[in-house]
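Residue-level listing of the chains:
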Amino acid sequence: AAPRNPMLTPARPPAGAPATANPPVDESSLGSATSGTSSLSPVAGCADTTPGAMIEAARASLDQGISLLVFPEGTRSRDGKIARFHNGAFAMARELNVKVVPVAMVNTGLVARRGTWWVGDHDARIAILDPIDPKDFQGEGADRRMAQAARERIREARDRLWPETQEGPDWH
């Protein structure tokens, strides 16, 4: 079975979605997104993994007032460094004309280590950053530039907030 590694997941499943909202998907079947060579991972509740079907499933979720949760790196960082962002989520945002709200998760790798449910006593910070409007990114390479802008905002927030997590747990 293919690994379950969704990048695009509704925060709550759309009405009528199956109980297992993220079924295993053969990622080799994913094609290019609507622009450039971006690739998209499954959208919860969408059995058809073609980019057009995933965009329509995302549109249906958004029309129901359901936000999409996107992990543009496609995997957890093993070393705490921010990896390259894939273009697919940003191509979808541009196609659907929805803003992207970057979220910086700082020091969460120590709080919840990979492969376990144990939560340690480490400080972490989560910062919700200013939205990125797809209208600000046009022309050739717009998806890539939008991905780079989101990654840079998250990196800046991480660098600013990381020292706060080194003071020890704060249980106030």
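Up top is the structure.
Remember, predicted model here, so these are calculated numbers, not experimental data.

J.: Would you take a moment to explain the overall build of the protein chain for this structure?
T.: For the protein chain, the helix and strand inventory stands at four helices and four strands. Listed N to C, the secondary structure of the protein chain is β-α-β-α-β-α-β-α in terms of helices and strands. Of the contacts made within the protein chain by residues no fewer than 6 positions apart, 66% connect residues no fewer than 24 positions apart. Summed over its atoms, the accessible surface of the protein chain is roughly 10300 Å², and 53% of this surface lies on carbon and sulfur atoms.

J.: Got a minute to help me understand a nonpolar patch on the surface in this structure?
T.: A surface patch of nonpolar side chains, amounting to about 670 Å² of accessible area, comprises Leu69, Phe71, Val101, Val103, Met105, Ile126 and Ile128. Counting only elements with at least two residues in the nonpolar patch, the list comes to β3 (103–106) and β4 (125–128). Here Leu69 is to be found in strand β2 (residues 68–70). The class of Leu69 is partly exposed, set by a relative accessible area of 44%.

J.: What should I look at first to understand the packing of aromatic side chains in this one?
T.: Within this structure, the stated rule accounts for one aromatic pair. Measuring from centroid to centroid gives 6.4 Å for Phe85 and Phe90, while their planes differ by 10°, and the two rings are stacked. The two residues Phe85 and Phe90 agree in class, both being buried.

J.: Honestly, the environment of Asn97 in this entry has me stumped. Any pointers?
T.: For Asn97, the position within the fold is in the loop between α2 (88–96) and β3. On the basis of relative accessibility, which here comes to 45%, the residue Asn97 falls in the partly exposed class. Separated by 37 residues in the primary sequence, Asn97 and Pro134 have C-alpha atoms spaced 6.4 Å apart. Asn97 has contacts with Pro134 and Lys135, leaving out every residue within four places of it along the chain.

J.: Please explain the pattern of salt bridges as it appears in this structure.
T.: Two side chains with opposite charge may pair up if their charged atoms get near one another. Within the structure shown, the criterion is met by six salt bridges. The residue Glu56 makes a salt bridge to Arg59 at a minimum N-O spacing of 3.1 Å. Within this pair, Glu56 and its partner Arg59 are both found in helix α1 (residues 51–63), separated by three residues, close to a single helical turn. Salt bridges sharing common partners tie together Glu152, Arg155, Arg158 and Asp159.

J.: What exactly am I supposed to notice about the environment of Val119 here?
T.: Tracing the backbone through its elements, the reader meets Val119 in the loop between α3 (108–111) and β4. Between the C-alpha atom of Val119 and that of Gly109, which follows or precedes it by ten residues, the distance is 10.0 Å.

J.: Can you help me understand the nonpolar core in this one?
T.: The nonpolar side chains of a soluble globular protein tend to be buried with one another. Core analysis: the biggest nonpolar cluster contains 19 residues, and Phe85, Phe90, Ala104 and Met146 have the highest contact counts within it. Listed by contribution, the elements that provide at least two residues to this core are α2, β3 and α4 (142–161). Not counting residues up to four positions away in its chain, the partners in contact with Phe85 are Pro72, Glu73, Phe90, Arg144, Ala147, Ala150, Arg151 and Ile154. Among the nonpolar cores identified, the runner-up in size contains eight residues, and Cys46, Ala53, Met92 and Leu96 belong to it.

The rules behind each value
Residues numbered from 1 in each chain as written. Predicted model: local features only at pLDDT ≥ 70, side-chain atom pairs only at ≥ 80, totals over all residues. Heavy atoms only, no water. Helix = DSSP H or I, 4+ residues; strand = E, 2+ residues; numbered from the N terminus. Contact = heavy atoms within 4.5 Å. Areas by Shrake-Rupley, 256 points an atom, 1.4 Å probe, with all protein chains shown as cover. Patch = residues over 30% accessible without salt bridge, like charges linked within 9 Å, V, L, I, M, F, W, Y side chains within 5 Å. Salt bridge = Lys/Arg side-chain N within 4 Å of Asp/Glu carboxyl O. Buried < 20%, exposed > 50% of the residue type's maximum accessible area, 1.4 Å probe, protein only. Phe/Tyr/Trp six-rings, centres within 6.5 Å; stacked < 30°, edge-to-face > 60°. Core = buried A, V, L, I, M, F, W, Y, C linked by side-chain atoms within 4.5 Å.

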